[in-house]
Amino acid sequence: MFGMVRPCTHRLGERLTAQWMAHLCGLCLALRGQAGQFARVVTNYDGLVISVLTEAQAGAERAGRRSAGPCALRGMRRASVAEGDGARLAAAVSLILASAKTRDHVTDQDGLLARRPVAAAARRIAGVWDKEGARAGAGVGFDTALLVGAVERQPEVEALAGPGTPLLAVTEPTETATAAAFAHTAHLAGIPGNAAPLAEAGRLFGRLAHLLDAVEDQEKDAASGAWNPLTATGTPRAEARRLAADALHGIRLALDEAEFTDGRLAHVLLVHELGRSVERAFGEERHRHGAEAYGPAPGNPYAPGAPPHPGGPGDLPPPPPPREPRGLIPGCLVFVGMACTCQMCCGTYEGPWSRRRRDGMCKSCGDCCECCSCCSDGCQCCECCGCCDC
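What counts as what
Residues numbered from 1 in each chain as written. Predicted model: local features only at pLDDT ≥ 70, side-chain atom pairs only at ≥ 80, totals over all residues. Heavy atoms only, no water. Helix = DSSP H or I, 4+ residues; strand = E, 2+ residues; numbered from the N terminus. Contact = heavy atoms within 4.5 Å. Buried < 20%, exposed > 50% of the residue type's maximum accessible area, 1.4 Å probe, protein only. Phe/Tyr/Trp six-rings, centres within 6.5 Å; stacked < 30°, edge-to-face > 60°. Axes fitted to C-alpha atoms, helices over the stretch in contact; angles between N-to-C directions. Parallel < 35°, antiparallel > 145°, perpendicular 65-115°, else oblique. Left-handed = near helix turned anticlockwise from the far one by under 90°. Nonpolar A, V, L, I, M, F, W, Y, C, P; charged D, E, K, R; others polar.

K.L.:
Just checking my understanding: could you explain the overall build of the protein chain for this structure?
P.N.:
Scanning the protein chain for helices and strands turns up 12 helices and four strands. Long-range contacts, defined here as pairs at least 24 residues apart, represent 63% of the contacts in the protein chain between residues at least 6 apart.

K.L.:
Sorry if this is basic, but what is going on with helix α2 (residues 48–58) here?
P.N.:
Residues that lie three or four places apart on an α-helix share one face, since the helix turns once every 3.6 residues. Counting buried positions over the 11 residues of α2 gives 11, a clear majority of the element. All buried positions along α2 are accounted for by Leu48, Val49, Ile50, Ser51, Val52, Leu53, Thr54, Glu55, Ala56, Gln57 and Ala58. Once α2 ends, the next one or two residues include Gly59, with phi positive near 90 degrees.

K.L.:
Looking at this structure, how should I read the packing of aromatic side chains?
P.N.:
When we look at a pair of aromatic rings, we describe it by the centre distance and by the angle of the planes. All told, the structure shown has three aromatic pairs when counted by the stated rule. Centre to centre, the rings of Phe38 and Trp129 are 6.1 Å apart; their planes meet at 15 degrees, and the pair counts as stacked. Of this pair, Phe38 sits in the loop between α1 (9–35) and α2 while Trp129 sits in helix α5 (residues 116–139), and the two are 91 residues apart along the sequence. Exposure remark for Phe38: the relative accessible area of 37% places this residue in the partly exposed category. You can call Trp129 buried: its relative accessible area is 4%. Relative to Phe205, the ring of Phe182 lies with its centre 5.3 Å away and its plane at 40 degrees, an arrangement referred to as tilted. Placement of Phe182 in helix α7 (residues 167–189) and of Phe205 in helix α8 (residues 195–224) is noted, with a sequence separation of 23 residues between them. Judged by relative accessible area, Phe182 falls into the buried class, the value being 3%. When its relative accessible area of 5% is taken as the criterion, Phe205 is described as buried.

K.L.:
Teacher, can you tell me more about the packing of helix α4 (residues 85–108) against α7 here?
P.N.:
To characterise two packed helices, one gives the angle between the axes of the helices and the distance between these axes. As a packed pair, α4 and α7 sit with axes 10 Å apart at the nearest point and diverge in direction by 160 degrees. Taken as axis vectors, α4 and α7 run roughly antiparallel relative to one another. Considering only the axes of α4 and α7, their crossing is right-handed. Between α4, through Asp85, Gly86, Leu89 and Val93, and α7, the contact on the second element is made entirely by Ala181, His184, Thr185 and Leu188. Looking at the contact of α4 with α7 residue by residue, the class counts come to four nonpolar, three polar and one charged.

K.L.:
Help me out: how do you make sense of the environment of Glu83 in this one?
P.N.:
Mapped onto the fold, Glu83 is located in the loop between β2 (77–82) and α4. In the structure, Glu83 is positioned 57 residues away from Gly26 in sequence and 5.8 Å away in space, judged by C-alpha atoms.

K.L.:
Please explain the packing of α7 against α8 as it appears in this structure.
P.N.:
Two numbers describe how α7 lies on α8: the axes approach to 6 Å, and their chain directions differ by 140 degrees. In terms of their interaxial angle, α7 and α8 are classed as oblique. Here the hand of the crossing between α7 and α8 comes out right-handed. Its residues assigned to classes, the contact of α7 with α8 shows 13 nonpolar, eight polar and three charged.

Here it is as structure tokens:
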């Protein structure tokens, strides 16, 4: 699973974790039902937000739940999972965007996709996902041509961008696609008045997705010569950070304007967890550059950047060069193996696609009761300390 919104189950608490897993499994099963077993590899954290929003407006009973059989990825346990139009819309969006991403990898000849037989197979898979995504979208009244059009416009927008081009001109196609998907959840839930605020939330969600991807990949893109919106437009990271903060604030305001039957999980994911995603992206930047900006910590002669110290190790060896990321299909195979062995739950692991070291879900959450202080703004979303009435 991939995406910006990666909550820790310790932070969510038992009740919201059960809801979260219902939508995660529901999206996975909707993908299987729509496009076959292999389509489950495109299950993603961001896509299931669409299912969450639909249920938050309509309520679990109207949105649809069913009992699913045992699955290896949840310890061979049965579970109540989300079904219905919200899960199908999430599947449609995930298939269309995964198809576009696959074609990008083929065009860039990433990893094994540089080989013609593998590239041909990937194109066939992308074609199936396109067709099934369009069929799933039509089944819930959503025109996936909006997504396809946004994807097709992105290379044209990037080709025209240069120093001085506003960064938001580059993020516009992504914003348009996510705005349409978010707004359609209001129609599925039968609350058309929510379409406008949720379109705004979706637009800003798409902006954040594009911004954080650009920030996290800037150094890697520079090393490989790949196109990056921050580099191409000459946008400073401080400006990207400001735009991210504005987007977070706008999402919170938009959610406040929408009418929900039970909006707790949607609020946690789109306000608190998105905020943590921004901190992760820009926190990595501080970790990389903090030593150069501020010098070594006092009293630590062995810190990176410190001068040679008598009796110490002297100049530290340079870090090893970053490893090449895996292509789509090899990464999917590695992911399945890691998911089945719970390597992504605790400790650290190597990202299946990026090959970056990452913290497991149960390691990165920190103090599980840190949410005692997050309700001071009146958000009423936490439960682990009894500080909010939810």
